[in-house]
Amino acid sequence: MNAEDNCMAETYIVRSAAIAARKLGGEMMIMSAVDSTFFTLNEVATVIWQAADGRTPLSEIIERRVCAEFDVEPEVARQDAEQFVTELSQHRILLVSDSPIPEPKLGTAEAQ
Amino acid sequence: MSLLVEMNDKAMAMGIPLSVHLDVTYRCNERCVHCYLDHDDQGEMTTAEIKSVLDQLAEAGVFFLVLSGGEVFMRQDFLEIVEHARRLQFNVKVKTNGVMIHEAETKRLRQLGVEQVQLSVYSHRPEIHDAITKLPGSLKRTINSIRFLKSQGLKVTMSNVMMTVNRRDQAGTHALAKQLGVSYTLDPTVTPKLDGDTSILNLRVEEDNLDELFANPDLVGDVEEFCKPPAPVDEDMMEGYSCSAGHTACYINPYGEVFPCVQFPLPTGNLRRQKFADIWYRSPQMNEVRSIKVKDLTVCSSCSHAGTCTRCPGLAYMEGSMRGPSSSDCEKSFHRTGIPSANMLRKAGMAAGGPLVQIMPMMA
């Protein structure tokens, strides 16, 4: 996504159901049930992860959660968040859409 | 350092139980000759009780959850338990004999995002496997189950216990795993029954078989590296702990009793009367287990294997002291490296009937 696209469309993110996850000392551990890739998220990424409900636009998560809770410039936060979202979506840990998306239900085909 | 090791170290430092092994039942449809369990139902936890335990484990920070038995599918609510566990986002591994797994169960395990399924196979030959499980036709059914699970894309591990009765079939069983396209693990450990009965220990393989096992690159990887003499013991090793039992891991039986490990039958509390966090953080027994450093071990602290031994504190406990040696691990260290353990030397000294006191005259 580039800056021009960002002006035109919102990005919505939602956590996959095909994962194992637990918070350990402020950082999230995540393992993909699809390919067993293991991730750890720092505190900022953990905040984005926890806010990824499929209804809140990414820009709002950055503004209201990341910039409000951490000492970070909005542009830097946006770039970091987009990189984070791209990386996790490649492993299907996060699902991304340009419109709101329902949270995947565990035990259904769409969750896998 | 891998991320998983890093997380484990962090959990250790924070006292978080990263891994829990939960036996949901001791009932079983097989009667394996080496099994250490009493298969009668002594009042196992209800579905609601198990769900409450899982809620507490998630709250405590548990990430890796092993669901085992007995045979887990003897519980009609097993898939409901798995579903609850997965809703709580545990990384779930299921141990089963697979005899009751058919296409429907397989699909559900896949849909629920179970990380791995481990099935016990003791031989590639039905006459040996079925004689060990005492269930005619069990090998065929377990293999069918492995095929179902593989076809759904689940990660499958075939686990074998090397005993006197199947030691000749190790290579054939490993070849079967390769043919089925699944991982294979082999363990030569046979443990006493949980009630203390040691009669099944006569199934342990002879020492020559351990030499053979440790020289097999298919099983141990780089044999030279695996069998190299232990590194000199340093201060860091002496300040360390011998295993994760009670530190980042524990075991819960079907009756809600909590132990440091499945192989460590020291009761530390019961979830029917106490909260998990109370047991984990405040049980005197759990705190005693986690207080023991390598330097506190009565014999092992003076052993050259102290830093590399797979010493199991649970087996040591069953031998008489959680601070003492575990003889079967002494044997493994010896057969791996050719260097006798301090415990073996101590026993040999006793057997030789040497003098109780040795005196070295002062030099003139």
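Residues numbered from 1 in each chain as written. Chains lettered and ligands numbered in written order. Predicted model: local features only at pLDDT ≥ 70, side-chain atom pairs only at ≥ 80, totals over all residues.

1. Focus on the overall build of chain A
Turning to step 1, where the next piece is worked out: Assigned secondary structure in chain A consists of four helices and six strands.
Turning to step 2, where the next piece is worked out: Reading chain A from its N end, one meets helices and strands in the order α-β-β-β-β-α-β-α-α-β.
Turning to step 3, where the next piece is worked out: Across the 112 residues that make up chain A, the buried fraction comes to 27%. (Helix = DSSP H or I, 4+ residues; strand = E, 2+ residues; numbered from the N terminus. Buried ≥ 20, exposed ≤ 12 C-beta atoms within 10 Å, placed from the backbone.)

2. Section: the overall build of chain B
Turning to step 1, where the next piece is worked out: Counting secondary structure elements, chain B contains 16 helices and nine strands.
Turning to step 2, where the next piece is worked out: Its C-alpha atoms give chain B a radius of gyration of 22 Å, within 12% of the compact-globule value 21 Å for 364 residues.
Turning to step 3, where the next piece is worked out: In chain B, the share of contacts with a sequence separation of at least 24, taken over all contacts with a separation of at least 6, comes to 69%. (Rg over C-alpha atoms; globule rule 2.2 N^0.38 Å. Contact = placed C-beta atoms within 7 Å.)

3. With respect to the sheet that holds strand β5 (residues 53-57) of chain A
Residue and element names in this part refer to chain A.
Turning to step 1, where the next piece is worked out: Reading across the sheet, the three strands line up as β5-β1-β6 and stay open at both edges, with antiparallel pairing between neighbours. The strands lining the two open edges of the sheet, one partner per strand, are β5 and β6 (94-97). Each strand axis lies, on average, 25° off the axis of its neighbour in the sheet, ignoring direction.
Turning to step 2, where the next piece is worked out: By the bridge criterion, two bridges tie strand β1 (residues 12-15) to β5 in an arrangement that is antiparallel. For Y12, the partnering residue across the bridge sits in β5 and is P57.
Turning to step 3, where the next piece is worked out: Sheet contacts for helix α3 (residues 58-69): β1 and β5; angle to β5, the most-contacted strand, approximately 70°. (Pairing = 2+ DSSP bridges. Axes fitted to C-alpha atoms, helices over the stretch in contact; angles between N-to-C directions.)

4. Remarks on unusual backbone geometry
All names here are of chain B.
Turning to step 1, where the next piece is worked out: Across the junction of G69 and G70, the peptide omega takes the value 25°, indicating a cis bond.
Turning to step 2, where the next piece is worked out: Among the secondary structure elements, G70 is positioned in the loop between β2 (64-68) and α3 (78-87).
Turning to step 3, where the next piece is worked out: Even without being glycine, Q89 reaches a positive phi, approximately 65°.
Turning to step 4, where the next piece is worked out: By secondary structure assignment, the location of Q89 is in the loop between α3 and β3 (91-96).
Turning to step 5, where the next piece is worked out: Exposure remark for Q89: the 21 C-beta atoms within 10 Å place this residue in the buried category.

5. A word on the interface of chain B and chain A
Turning to step 1, where the next piece is worked out: At the junction of the two partners, chain B supplies 19 residues and chain A supplies 18 residues.
Turning to step 2, where the next piece is worked out: Of all the elements in the fold, those that place two or more residues in the side of chain B that touches chain A are α1 (3-14) and α3 of chain B.
Turning to step 3, where the next piece is worked out: Ranked by residue count, the leading element in the side of chain B that touches chain A is α1(B), at six residues.

6. Let's talk about the nonpolar core
Residue and element names in this part refer to chain B.
Turning to step 1, where the next piece is worked out: By size, the foremost hydrophobic cluster in this structure holds 106 residues, and its most contacted members are L65, L67 and V82.
Turning to step 2, where the next piece is worked out: For L65, the residues in contact, after removing those within four places along its chain, are V20, L22, A85, F90, N91 and V92.
Turning to step 3, where the next piece is worked out: Among the nonpolar cores identified, the runner-up in size contains seven residues, and V294, L297, C303 and C309 belong to it. (Core = buried A, V, L, I, M, F, W, Y, C linked by C-beta atoms within 7 Å.)

7. Structural notes on helix α6 (residues 138-151) of chain B
Residue and element names in this part refer to chain B.
Turning to step 1, where the next piece is worked out: Its 14 residues give α6 an end-to-end C-alpha distance of 20 Å, which sits within 8% of 20 Å, the value for a rise of 1.5 Å per residue.
Turning to step 2, where the next piece is worked out: Regarding α6, the residues found buried are S138, L139, T142, I143, S145, I146, F148 and L149.
Turning to step 3, where the next piece is worked out: Those residues of α6 hidden inside the fold are in contact with α4 (103-111), β4 (116-120), α5 (126-133), β5 (156-161) and α7 (170-180).
Turning to step 4, where the next piece is worked out: One or two positions beyond α6, positive phi appears at G153, with a value near 85°. (Expected span 1.5 Å × (residues − 1).)

8. As for the confidence of the model for chain B
Turning to step 1, where the next piece is worked out: Here chain B averages 91 in pLDDT, while 96% of its residues score no lower than 70.
Turning to step 2, where the next piece is worked out: Reported confidence for the predicted complex is 0.85 by ipTM and 0.89 by pTM. (pLDDT = per-residue confidence, 0-100.)

9. Quick word on the environment of B:L203
All names here are of chain B.
Turning to step 1, where the next piece is worked out: Inspection of the secondary structure assignment puts L203 in the loop between β6 (183-187) and α8 (207-214).
Turning to step 2, where the next piece is worked out: Exposure remark for L203: the 17 C-beta atoms within 10 Å place this residue in the partly exposed category.
Turning to step 3, where the next piece is worked out: Taking C-alpha positions, L203 is 5.3 Å from M163, a pair spaced 40 residues apart along the chain.
Turning to step 4, where the next piece is worked out: If we skip the residues at most four places from it in the chain, L203 touches V33, H34, M163, T164, V165 and V190.

10. So, the packing of α3(A) against helix α4 (residues 74-90) of chain A
Residue and element names in this part refer to chain A.
Turning to step 1, where the next piece is worked out: Close contact between α3 and α4 brings their axes to 10 Å; oriented N to C, the two are set at 120°. The orientation of α3 with respect to α4, classified from their angle, is oblique. As for the relative orientation of α3 and α4, their crossing is right-handed in sense. Each of L58, I62, E63, V66 and C67 in α3 lies in contact with α4, whose residues at this interface are P74, A77, R78, A81 and V85. (Parallel < 35°, antiparallel > 145°, perpendicular 65-115°, else oblique. Left-handed = near helix turned anticlockwise from the far one by under 90°.)

11. Quick look at the sheet that holds strand β4 (residues 38-41) of chain A
All names here are of chain A.
Turning to step 1, where the next piece is worked out: On the basis of which strands lie adjacent, the open sheet formed by three strands has the order β2-β3-β4 and antiparallel pairing. Of all strands in the sheet, those with a lone pairing partner are β2 (19-24) and β4, marking the two edges. Neighbour-to-neighbour, the strand axes of the sheet open up by a mean angle of 20°, direction not taken into account.
Turning to step 2, where the next piece is worked out: By the bridge criterion, six bridges tie β2 to strand β3 (residues 27-32) in an arrangement that is antiparallel.

12. Observations regarding the pairing of β2(B)
All names here are of chain B.
Turning to step 1, where the next piece is worked out: Of all five residues making up β2, four are buried, and the element is well covered by its neighbours.
Turning to step 2, where the next piece is worked out: Pairing of strand β1 (residues 19-23) with β2, which is carried by five bridges, proceeds in the parallel orientation. Note on β2: the bridge partner recorded for D23 is S68.
Turning to step 3, where the next piece is worked out: The β-α-β motif built from β1, the intervening helix α2 (residues 47-60) and the parallel element β2 has right-handed crossover chirality.
Turning to step 4, where the next piece is worked out: Crossover β2 to β3 through α3 is right-handed. (Right-handed = clockwise from strand over helix to strand, strands pointing away.)

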